[in-house]
Amino acid sequence: MKSRPAVPLQSANNPRQGTCPICASRMLAKRPSGMDRLFHLATGSFDLFQCSQCHCIFLDPLPASSELAAFYPREYWWAGAESGASRLKRAFLSLEKAYREFVTRDHARFVEECASGRPRSERLLLDIGCGNGTFLLAAGSRGFTPHGMDVSKRAVEIAQKQTGCPVRQGEIGSKVWSGAKFDFVTMFHVLEHLPDPGMALSFAKELLKPGGLLILQVPNVSSGQARLFGNRWYGLDVPRHVINYTPKALAHLLRQEGFDFRLSTRFSLRDNPASIASSLALWMDPIHRKGMRLDSNAVLGGAIEMAYLGMFLLSLPAAWLESAIGAGGTIWASARVR
């Protein structure tokens, strides 16, 4: 991604405007403006800046929390077959469900590595932003006692039905799990959606037992695929991703919030190849098609789904390679309260 030289940005009425939301640097480089390519719910363009210190890329001004909800379709997460769906569509959705369960095992495997040596009695886990609960099932199969939390009432209902796990509705910062303590708190692809990530980490800190671990995953804006695709990179997702992280930026955030941590750009089977495939052919992306309601024809939708699977498989070698050289499309972190 090419950018202009870093210059101090003048602050306007918004006190956060003109400073990096992670390290507070005022040396920012203007990026090409971004648009809502995924759902077209937000009109116009959004100004993007890159910090010259921690290299995160963010919207400026950052949207207010009250604005963010309008940027998401009704079901931003995958929900499975809808009532009244045709037999053919249900068949394709069953295949997609099996695929999602398969790739989500990679997330559970990472958390299990972080839990190495801990007995089952010390594997109480809360997944913040659990969606329909696919990860909760994967974590439960690996010896964790999973709990979930999501801002969407519909997501919570589906997760409760599909997993049988304790899942509650609430925003980050709410008291929905007040008094509860967990050995693990997971936040997969959550921080990049938040204008105030420090508050989210403080919230997670309150939910951790002494010695507990916070497990994070965010897109890596310094990855090979991010540099290759620029503003067309799927992981940038303007305007829903308000702050996009580099390893240096995430490390700075964790350090200032009082965490000791381990970072890696480990390969993610669910995210890395899919991000490449969707950057190459956004119109094939399953979330894009669902959000835009483009799958009314089951035969056509199924054909596109199979074509997308082919793109995913073709993207695997490149995703493996960039991760092997330390430039993978996903940053993973395990963090312990200092």
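Criteria and cut-off values
Residues numbered from 1 in each chain as written. Predicted model: local features only at pLDDT ≥ 70, side-chain atom pairs only at ≥ 80, totals over all residues. Heavy atoms only, no water. Core = buried A, V, L, I, M, F, W, Y, C linked by side-chain atoms within 4.5 Å. Buried < 20%, exposed > 50% of the residue type's maximum accessible area, 1.4 Å probe, protein only. Helix = DSSP H or I, 4+ residues; strand = E, 2+ residues; numbered from the N terminus. Contact = heavy atoms within 4.5 Å. pLDDT = per-residue confidence, 0-100. Phe/Tyr/Trp six-rings, centres within 6.5 Å; stacked < 30°, edge-to-face > 60°. Lys NZ or Arg CZ within 6 Å of the ring centre and 35° of its normal.

### Some details on the nonpolar core
Consideration 1: Judged by nonpolar contacts, the single largest core of 68 residues is most densely connected at Met187, Leu191, Leu214, Tyr245 and Leu250.
Consideration 2: Among the elements that take part in this core, helix H10 (residues 298-324) stands out by supplying six residues, more than any other.
Consideration 3: Not counting chain neighbours up to four residues away, the residues in contact with methionine 187 comprise Asp127, Ile128, Ile172, Ala200, Ala204, Leu214, Ile215, Leu216 and Gln217.
Consideration 4: Ala108, Leu125, Ala139 and Trp332 belong to the second largest nonpolar core, which has 15 residues in total.

### Focus: the confidence of the model for the chain
Consideration 1: In the predicted model, the chain carries a mean pLDDT of 88, and 89% of its residues have values of at least 70.
Consideration 2: Contacts for the low-pLDDT stretch residues 1-16, under 50 throughout, to residues beyond four places or in other chains number 39 contacts.

### Some remarks on the packing of aromatic side chains
Consideration 1: A complete count under the given rule lists seven aromatic pairs for this structure.
Consideration 2: Judged by centre distance (5.5 Å) and plane angle (85 degrees), the rings of tryptophan 177 and phenylalanine 182 are edge-to-face.
Consideration 3: Taking 4.1 Å as the distance between ring centres and 15 degrees as the angle between the ring planes, the aromatic pair formed by phenylalanine 267 and tryptophan 320 counts as stacked. Residue phenylalanine 267 is located in the loop between strand S11 (259-264) and helix H8 (272-280), and its partner tryptophan 320 is located in helix H10; the two are separated by 53 residues in the primary sequence.
Consideration 4: Phenylalanine 267 gets classed as buried once you look at its relative accessible area, which sits at 9%.
Consideration 5: Within the aromatic cluster, the residues linked to one another by ring pairs are Phe110, Phe135, Phe188 and Trp332.
Consideration 6: In this arrangement the basic side chain of arginine 123 is found over the ring face of phenylalanine 144, its NZ or CZ atom lying 5.1 Å from the centre.
Consideration 7: Stacked on the ring of tryptophan 177, the Lys or Arg arginine 168 has its end atom at 3.8 Å from the ring centre.

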